[in-house]
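What follows is each chain in one-letter form.
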Amino acid sequence: MAGHGTRGRSGRRPTLEEVAARAGVGRGTVSRVINGSPRVSDATRAAVEAAVAELGYVPNTAARALAANRTNAIALVVPEPETRFFAEPYFSDMVKGVGAELADSEMQLLLIFASGDRERRRLAQYLAAHRVDGVLLVSVHADDPLPDLLAQLEIPAVISGPRSERETLPSVDSDNYGGGRSAVEHLMSRGCEQIATITGRLDVYGAKRRVDAYRDTLRNAGREVDEALIAPGDFTEEGGRRAMTELLARRPGLDAVFAGSDVMAAGARQVLRESGRRIPDDVALVGFDDSVIARHMEPPLTSVRQPMEEMGRAMIDLLLDEIADRRPTASRTLERRQVVLPTQLMERASS
């Protein structure tokens, strides 16, 4: 009877806004509770559920999705070749975190590759038809047009790492600068004099920040930065091999290498061994990611840990907030969140 009485004289159903007002929370919080999101405190969940019971609110999933133009689907868009996605633990660990966070919700996860122009055009048409409620973008390059397309289409989106320090979209990243600094400080503490670095692609902001940290840490220690000790890589094993070969040709006396990823460190290790260098006796080696590759390398690789699963979870948390908040993008500009998670140097036998 209580539920029937709360419909009032008009006989209409109570609204989501009325549930939010009764519970003393925001509309987005009510939506997350109803959708089964785990990112709600027990006290808040209890308050919302009590308000739902008092008002007799009956959520109709299909009707809500239709009325709000919802699809209950999220796209994970990777602007990289499929070969790189499946070769790098970076991606699989992030997807694991995303999947874990979505497990208790009604959302479906779609994996979409968009590395070429043709794939991007097809993706643009797909997104323009609003077939997903939101998008997670991983491995975004500085000149990538996809983030701007998503903003233009008013599709909620979160990216893994900003494109620059002026990023406008919500993003989740690790502390690339702090991680790079800890790697170089570690190598200096081991007495290394000629510390080289193999960079990732510098149109990826995180890779650029690691190189910035390399240069700044050396300068802050009163050392000159020798540009011949910096070689470009591309986050692939073959890129690590090429860069290491260049470095040894230019500076055969180098005694340490900071690689911008574990995959590149694996390529560098092959070249060092082929050249007769012992690790770490002749050349100390440090990677970045702390992936399964680092732990299974011989010798085990010292590496900067990125909390990839936590990053995936945080991206979903941000995206669900964006989806729940249906206000126009322009009115939310000042509320954009840039989440940066800490990194940690994991010391092993390679250094």
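In case you missed it, the structure is sitting above this.
In short, a report on the structure. (Residues numbered from 1 in each chain as written. Predicted model: local features only at pLDDT ≥ 70, side-chain atom pairs only at ≥ 80, totals over all residues. Heavy atoms only, no water.)

### Points about unusual backbone geometry
Stage number 1. Of note, the bond from Ile 279 into Pro 280 is cis; its omega dihedral lies within 30 degrees of zero at 5°.
Stage number 2. Examined against the element boundaries, Pro 280 turns out to sit in the loop between helix 13 (262-274) and strand 9 (284-289).
Stage number 3. The omega torsion of the bond from Glu 298 to Pro 299 falls at -5°, within 30 degrees of zero and hence cis.
Stage number 4. Looking at where Pro 299 falls in the secondary structure, it is placed in the loop between helix 14 (292-296) and strand 10 (302-305).
Stage number 5. For His 130, which is not glycine, the phi torsion reads 55° and is therefore positive.
Stage number 6. Within the fold, His 130 resides in the loop between helix 8 (117-128) and strand 3 (134-137). (Helix = DSSP H or I, 4+ residues; strand = E, 2+ residues; numbered from the N terminus.)

### Things to note about the sheet that holds strand 10
The strands making up a sheet are joined through hydrogen bonds of the backbone, oriented either antiparallel or parallel.
Stage number 1. Sheet architecture is open: 6 strands sit in the order 7-6-8-9-10-12, paired in mixed fashion. What marks the edges here is a single partner per strand, and that holds for strand 7 (230-232) and strand 12 (344-346). Across this sheet, the average inter-strand angle for adjacent strands is 20°, counted without regard to direction.
Stage number 2. Summarising the sheet, strand 6 (residues 195-199) and strand 8 (residues 256-259) pair through 4 bridges and their orientation is parallel. Paired with Ile 198 across the strands is Ala 259, a residue of strand 8.
Stage number 3. Here helix 12 (residues 237-250) sits on the sheet and contacts strand 6, strand 7 and strand 8; the angle it forms with strand 7, its principal contact strand, is near 150°. (Pairing = 2+ DSSP bridges. Axes fitted to C-alpha atoms, helices over the stretch in contact; angles between N-to-C directions. Contact = heavy atoms within 4.5 Å.)

### Side note on the sheet that holds strand 3
Stage number 1. Here 6 strands make up an open sheet; going across it, the order is 2-1-3-4-5-11 and the pairing parallel. At either margin of the open sheet sits one strand with a lone partner, and together these are strand 2 (108-113) and strand 11 (338-341). Going across the sheet, the axis of each strand differs from the next one's by a mean of 20°, ignoring polarity.
Stage number 2. Bridge analysis of strand 3 against strand 4 (residues 157-160) gives 3 bridges, and the strand direction is parallel. Bridge pairing in strand 4 links Leu 137 to Ile 159.
Stage number 3. Along the sheet, helix 7 (residues 89-102) contacts strand 1 (73-78), strand 2, strand 3 and strand 4; its crossing angle with strand 1, the most-contacted strand, is approximately 170°.

### Description of helix 15 (residues 308-324)
Stage number 1. Spanning 17 residues, helix 15 covers 24 Å between terminal C-alpha atoms, matching the ideal 24 Å at 1.5 Å per step.
Stage number 2. With 13 of 17 residues buried, helix 15 is to be regarded as a mostly interior element. (Expected span 1.5 Å × (residues − 1). Buried < 20%, exposed > 50% of the residue type's maximum accessible area, 1.4 Å probe, protein only.)

### Observations regarding the environment of Arg 39
Stage number 1. By the element assignment, Arg 39 lies in the loop between helix 3 (27-34) and helix 4 (42-55).
Stage number 2. Arg 39 sits 163 residues away from Leu 202 along the chain, and the two C-alpha atoms are 35 Å apart.
Stage number 3. With residues near it in sequence (within four places) discarded, Arg 39 still touches Arg 32, Glu 101 and Asp 317.

### Details of empty space enclosed by the protein
Empty pockets left among the atoms are what a rolling probe the size of a water molecule brings to light.
Stage number 1. Under the counting rule described, the total for this entry stands at 3 cavities of 30 Å³ or more.
Stage number 2. By volume, the largest cavity amounts to about 230 Å³.
Stage number 3. Contributing to the lining of the largest cavity are 19 residues, with Tyr 90, Val 204, Gly 206, Arg 210 and Phe 235 lying nearest its centre.
Stage number 4. Residue contributions to the lining of the largest cavity peak at 4 residues, all from helix 11 (residues 205-220).
Stage number 5. Tallied by class, the residues present in the lining of the largest cavity amount to 7 nonpolar, 7 polar and 5 charged.
Stage number 6. If you add up the space inside the second largest cavity, you get close to 90 Å³.
Stage number 7. Lining the second largest cavity are Ser 31, Arg 32, Asn 35, Ser 37, Arg 70, Ser 105, Met 107, Leu 320, Ile 323 and Ala 324.
Stage number 8. Residues of the lining of the second largest cavity, tallied by class, amount to 4 nonpolar, 4 polar and 2 charged. (1 Å grid on protein atoms, 1.4 Å probe; cavity = no way out; pocket = protein on both sides within 12 Å on 5 of 7 lines; lining within 4 Å. Points joined across faces, edges and corners; volume = space filled by probe spheres on them. Nonpolar A, V, L, I, M, F, W, Y, C, P; charged D, E, K, R; others polar.)

### Regarding the pairing of strand 10
Stage number 1. As judged from the 4 bridges shared by strand 9 and strand 10, these two strands associate in the parallel manner. Across the sheet, Asp 289 pairs through a bridge with Arg 305, a residue of strand 10.
Stage number 2. Note: strand 10 against strand 12, 3 bridges, orientation antiparallel. When the bridges of strand 12 are listed, Ser 303 appears paired with Met 346.

### Section: the side chain of Arg 120
Stage number 1. If you trace the backbone, Arg 120 turns up in helix 8.
Stage number 2. Residue Arg 120 is classed as buried on the basis of its relative accessible area, which comes to 17%.

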